[in-house]
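Descriptive structure summary
Listed below are the residues making up each chain.
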Amino acid sequence: MSQASPRGTYLKIADAVRAEIHANETMIELPSAAEVMHGYGVSRGVVLRAFAVLQAEGIAVAAPGGRWRVVRPGSGADRRPLADRLEDVITDDKLAVGASFPSTTELSARFGVSRPTVSKALDKLESAGLLSEARQGKQRTVRALPKRTESPES
């Protein structure tokens, strides 16, 4: 019979991961939940609770379809929903109506998320009328330009 983890173990794990983040400036992802579970002999729930502490402190953010990411002060990490960031691709890449939109694979690499996560966000842009429907072997195209609510800078 295994002994239950002492109360507050998740806080000790959060402290250890926080120290690792501060010691390693190149660290961009938290260790996987499986690695932490194995290393500390705890359940997935305890690990997720530790990661939630780091998220509440603004040190880490959950990445849909991937590992938790480290957030560094001044890193300028964009925390907006992926669909909003994909909408910006139209403006940032200066795409016109009828232009080909980057592929799911390209966007996955560009934003560091899984292809299924990109596909879900693209479906939102399709529903909003900004992109054409996805079809086998045919690249999506821009159907409309996003409307911007902020005033242009002069």
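Let me sum up the structure you'll find in this document. Being a predicted model, the structure only gives us computed values, none of them experimental. (Residues numbered from 1 in each chain as written. Predicted model: local features only at pLDDT ≥ 70, side-chain atom pairs only at ≥ 80, totals over all residues. Heavy atoms only, no water.)

Overview of the nonpolar core
- By size, the foremost hydrophobic cluster in this structure holds 20 residues, and its most contacted members are I13, V17, I21, L30, V47, F51 and L54.
- Of all the secondary structure elements, the ones that give two or more residues to this core are α1 (9–23), α2 (33–40) and α3 (44–56).
- Discounting residues that sit within four places of it in the chain, V47 has contacts with A33, V36, M37 and V42.
- In this structure, L82, V89, I90 and F111 belong to the second largest nonpolar core, which totals 17 residues. (Core = buried A, V, L, I, M, F, W, Y, C linked by side-chain atoms within 4.5 Å. Buried < 20%, exposed > 50% of the residue type's maximum accessible area, 1.4 Å probe, protein only. Helix = DSSP H or I, 4+ residues; strand = E, 2+ residues; numbered from the N terminus. Contact = heavy atoms within 4.5 Å.)

Section: the pattern of salt bridges
- By the definition in use, this model includes 7 salt bridges.
- A salt bridge links E35 to R67, with the nearest nitrogen and oxygen atoms 3.4 Å apart. Residue E35 is found in helix α2, and its partner R67 is found in the loop between β1 (60–61) and β2 (69–70); the two are separated by 32 residues along the sequence.
- Classification of R67 as partly exposed rests on a relative accessible area of 33%.
- Sharing partners across several salt bridges, the network here consists of E29, E35, R67 and R69. (Salt bridge = Lys/Arg side-chain N within 4 Å of Asp/Glu carboxyl O.)

Focus on the packing of helix α4 (residues 82–92) against helix α6 (residues 115–127)
- Contact geometry for α4 and α6: axes closest at 9 Å, N-to-C directions at 70°. For the element pair α4 / α6, the angle class is roughly perpendicular. When the axes of α4 and α6 are compared, the crossing they make is right-handed. Packed against α4, whose contacting residues are L82, A83, L86 and E87, the element α6 presents T117, V118, A121, L122, K124 and L125 at the interface.
- Tallied by class, the residues present in the contact of α4 with α6 amount to 7 nonpolar, 1 polar and 2 charged. (Axes fitted to C-alpha atoms, helices over the stretch in contact; angles between N-to-C directions. Parallel < 35°, antiparallel > 145°, perpendicular 65-115°, else oblique. Left-handed = near helix turned anticlockwise from the far one by under 90°. Nonpolar A, V, L, I, M, F, W, Y, C, P; charged D, E, K, R; others polar.)

Let's talk about unusual backbone geometry
- The backbone phi angle of K94 is positive, close to 55°, even though this residue is not glycine.
- With respect to the helices, strands and loops of the structure, K94 is situated in the loop between α4 and α5 (104–111).

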